[in-house]
Amino acid sequence: MSIAVTEPDAGSDVAAISTRAVADGDEWVINGAKLYITNGVQADWLCLLARTSGDGGYAGMSQIIVPTATPGLEVSRKLDKLGNRSSDTAELSFSDVRVPLANTIGEVGQGFFQQMDQFQHERLIAAYLSVGGMTRALERTITYLRQRRAFGAPLLDNQYVAYRLAELDSELDLLREYSYACAEKMMQNKDVTRQASIAKLIAGRLQRQVADTCIQFHGGVGYMEETWTARYFRDSRLLSIGGGADEVMLRILSRMGAFA
Ligand SMILES: Cc1cc2nc3c(=O)[nH]c(=O)nc-3n(C[C@H](O)[C@H](O)[C@H](O)COP(=O)(O)OP(=O)(O)OC[C@H]3O[C@@H](n4cnc5c(N)ncnc54)[C@H](O)[C@@H]3O)c2cc1C
């Protein structure tokens, strides 16, 4: 399954999408293109966001289930990425793709708002995954620095090294507890837009620092593809871009709370 929202000319600004689904009898006829779609090469079906009326902006979009075997739906390109190479990412094209109107998810015309709701889950899941990854990365780095020696002592004995790792671990602890609090709020069916945006923003930024520090304290071996740090460094970069860039999280936050 893939979430198909982003287009060549519409990424951060979801309201600018132009892929269109037009009702014809009891079917949607879909034309357009989607870009950077995770699992797009191997997915059996897509959750597609498309324009279903002439209303611009946030209005007039719907979510539609599109089986990928439907005639007219093609993988135009399998994309080559910096990281996360174990997951495929695709550009997709739609040329008179026909699916039943019954494949509409939720309400016609409410697609944008439904999609935003899904993004809150996606952003929180991204933050949770990163907390797990950072915890393991710091543990592995500490283990390595206990046994790696320089200047007659384990590297971990250097105050600078230990303090830097303690700093990152402290920030990670805050994020972990914050993430639990977000989950509690979501379980109570409360709006978590602000919390999910904060969690993703902080997680993306912290993960970049953690990945960079892990490579740095491993030295040369950390830069080698044979060491986990290299892949972690490449994979870590995505969190501040995918699922809404850091600046988009800041845009949301600057329009809420004290700013509203
Ligand atoms: C590996 C990968 C997997 C992805 N998977 C999916 C997927 O499965 N489904 C899907 O629909 N999409 C997916 N995406 C798309 C992803 O959500 C978009 O790349 C992301 O939202 C940014 O959009 P864009 O790339 O068009 O960047 P643009 O919108 O062109 O923005 C470029 C940069 O400009 C800055 N920027 C943007 N807006 C503002 C602003 N208001 N203020 C200040 N700065 C700003 C940000 O730094 C941003 O990174 C994926 C992307 C990647 C890289």
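The coordinates are above.
Residues numbered from 1 in each chain as written. Predicted model: local features only at pLDDT ≥ 70, side-chain atom pairs only at ≥ 80, totals over all residues. Heavy atoms only, no water.

Remarks on the side chain of R164
Within the secondary structure layout, R164 lies in helix α2 (residues 159–187). Not counting the four nearest positions on each side in its chain, R164 is found in contact with Q209, T213 and F217. (Helix = DSSP H or I, 4+ residues; strand = E, 2+ residues; numbered from the N terminus. Contact = heavy atoms within 4.5 Å.)

Looking at the nonpolar core
Counting residues in hydrophobic clusters, the biggest one holds 29 residues, and the most contacted among them are M134, L145, L165, L206, V210 and Y232. For this core, the secondary structure elements donating two or more residues are α1 (111–147), α2, α3 (193–218) and α4 (228–236). With nine residues, α1 is the single largest residue contributor to this core. Apart from the residues lying within four places of it in its own chain, the contact partners of M134 are L172, L175, A203, L206, Q207, V210 and Y232. Core analysis: the next-biggest nonpolar cluster, separate from the first, contains 16 residues, A4, A50, L73 and V99 among them. (Core = buried A, V, L, I, M, F, W, Y, C linked by side-chain atoms within 4.5 Å. Buried < 20%, exposed > 50% of the residue type's maximum accessible area, 1.4 Å probe, protein only.)

Details of the environment of M249
Note that M249 resides in helix α5 (residues 246–253). Classification of M249 by relative accessible area gives buried; the value is 0%. Taking the C-alpha atoms as reference points, M249 and F217, 32 residues apart in sequence, are found 30 Å from one another. Setting aside anything within four residues of it in sequence, one finds M249 in contact with R123, S197, K200, L201, G243 and G244.

Some remarks on the site of the ligand
Neighbouring residues of the ligand: 16 residues in total, closest I3, T6, S12, Y36 and T38. Here an oxygen atom of the ligand sits 2.7 Å away from a polar atom, N or O, in the side chain of S12. In the model, an oxygen atom of the ligand is placed 2.8 Å from a nitrogen or oxygen of the E247 side chain. Considering the ligand on its own, with 960 Å² of exposed area, one finds that the protein chains cover 63% of that surface. Those elements that provide at least two residues to the shell around the ligand are β3 (27–38) and α5. If you tally residues by element for the shell around the ligand, the top one is β3, at three residues. Class assignment for the residues of the shell around the ligand results in seven nonpolar, six polar and three charged. (Near = heavy atom within 4 Å. Polar contact = N/O pair within 3.5 Å; in protein donor to acceptor, adjacent residues only side chain to side chain. Areas by Shrake-Rupley, 256 points an atom, 1.4 Å probe, with all protein chains shown as cover. Nonpolar A, V, L, I, M, F, W, Y, C, P; charged D, E, K, R; others polar.)

Things to note about the packing of aromatic side chains
Evaluation of the coordinates by the stated rule reveals four aromatic pairs. Judged by centre distance (5.5 Å) and plane angle (85°), the ring pair of F112 and F113 falls under edge-to-face. With centroids separated by 6.2 Å and ring planes inclined at 85°, the aromatic side chains of Y160 and F217 adopt a geometry described as edge-to-face. In this pair, Y160 sits in helix α2 while F217 sits in helix α3, placing the two residues 57 residues apart along the sequence. Judged by relative accessible area, which is 60%, Y160 ranks as exposed. F217 sits in the buried class, given a relative accessible area of 12%. Grouping aromatic residues by their ring pairs yields a cluster made of Y58, F112 and F113. (Phe/Tyr/Trp six-rings, centres within 6.5 Å; stacked < 30°, edge-to-face > 60°.)

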